[in-house]
Amino acid sequence: MRNTLARPTSAIPLNAGPNQRNSLKRNSPAVLLAVATALVILADAVIVVAPQVLADPQPSPTTQATIEPAIAAASPTQQPTLKFDEGVPTYSLPTPPPGPLPTILLPPTPKPTPTPTPAPYRDTVTNAKAYAKSRLGAAQYNCFNAVIMKESKWNPYAGTPSGPYGIPQAYPGSKMASFGSNWRTSPLTQVKWGIWYVNKQYGSACGAWSFWQSHGWY
């Protein structure tokens, strides 16, 4: 029996002539080598290109055309950055630059309240009576007022300067100069001397009034 599998029947036809069979013998190895080379180059291209396509997919024109106008409309002054995370496109806006620090308005410093200037003292009989009441108290002032009413009726010009003079009827009137050089005209200076006199001479204004009631003078 012949071994029909020793050569492929499809490579060289049985009815081929000698010239045709010689031509196929010469050309078949070159064709096979060219085809094999082309397949190797194609396989290398697939190996190089496929990972890049999988690692960095590009968004479809439809998706990009839909997202970019929306981002631009939402923030016209900031340009978004397109990134891909595992094949999913994401957009991130750049961090805006820091703005100016807010201005802190402090409350105005209140102006100090000016200290009121006391009105100048008016040297009158009324003010001299008020001074005597503040120094003696109500009870002693009543006694002092009783003595003065008997002596001068609160007249700062009563008497003569060389004799009994002024509201307390100092004798002579120049004794009151120890409380002020204006003793001739000042009700306050005369009252100050009168208070000093009754306390020194009788112990109190009521002591002076008690003496006056017994003697008619003090």
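Since the structure is predicted, the reported quantities are computational estimates derived from the model, not experimental observations.

Caption draft 1: Region of the structure containing the overall build of the protein chain. The secondary structure content of the protein chain amounts to six helices and two strands. Across the protein chain, helices and strands are ordered from the amino to the carboxyl terminus as α-α-β-β-α-α-α-α. Burial statistics for the protein chain: of 218 residues in total, 20% are counted as buried. Taking as baseline every contact in the protein chain between residues at least 6 positions apart, the subset at least 24 positions apart corresponds to 34%.

Caption draft 2: Spotlight on unusual backbone geometry. Here the amide bond leading from Y171 into P172 is cis, since omega sits at -10°, within 30 degrees of zero. Checked against the element boundaries, P172 lands in the loop between α4 (138-151) and α5 (187-202). For K153, which is not glycine, the phi dihedral falls at a positive 55°. Tracing the chain through its elements places K153 in the loop between α4 and α5. Even without being a glycine, Q169 presents a positive backbone phi close to 55°. Here Q169 is to be found in the loop between α4 and α5. Given a relative accessible area of 18%, Q169 falls into the buried group.

Caption draft 3: Summary view of the side chain of S152. Relative to the elements of secondary structure, S152 occurs in the loop between α4 and α5. Each residue touching S152, except ones within four places of it in the same chain, is listed here: A158, G166, I167 and Q169.

Caption draft 4: Representation of the nonpolar core in the model. F144, W154, V191, V198 and Y218 are the most contacted members of the largest nonpolar core, which totals 25 residues. Breaking this core down by element, the ones donating at least two residues are α3 (125-136), α4, α5 and α6 (205-215). Looking at which element gives the most residues to this core, the answer is α4, with six residues. Sequence-distant contacts of W154, defined by excluding residues within four places in its chain, comprise V125, K129, Y141, F144, N145, I148, M149, I167 and V191.

Caption draft 5: Region of the structure containing the packing of aromatic side chains. Summed over the entire model, instances satisfying the criterion amount to eleven aromatic pairs. Ring plane angle 85° and centroid distance 6.3 Å describe the contact between Y197 and Y202, whose orientation is recorded as edge-to-face. On the numbers, 5.9 Å between centres and 20° between planes, the contact of W209 with W212 is stacked. Of this pair, W209 and W212 both sit in helix α6, three residues apart, which is roughly one turn of the helix. Like W212, W209 is buried. Through a chain of ring-to-ring contacts, three or more aromatic side chains come together here, namely F179, W193, W196, Y197, Y202, F211, W217 and Y218. The ring centre of Y131 lies 5.7 Å from the NZ or CZ of K192, which sits over that ring.

Basis of the calculations
- Residues numbered from 1 in each chain as written.
- Predicted model: local features only at pLDDT ≥ 70, side-chain atom pairs only at ≥ 80, totals over all residues.
- Heavy atoms only, no water.
- Helix = DSSP H or I, 4+ residues; strand = E, 2+ residues; numbered from the N terminus.
- Buried < 20%, exposed > 50% of the residue type's maximum accessible area, 1.4 Å probe, protein only.
- Contact = heavy atoms within 4.5 Å.
- Core = buried A, V, L, I, M, F, W, Y, C linked by side-chain atoms within 4.5 Å.
- Phe/Tyr/Trp six-rings, centres within 6.5 Å; stacked < 30°, edge-to-face > 60°.
- Lys NZ or Arg CZ within 6 Å of the ring centre and 35° of its normal.

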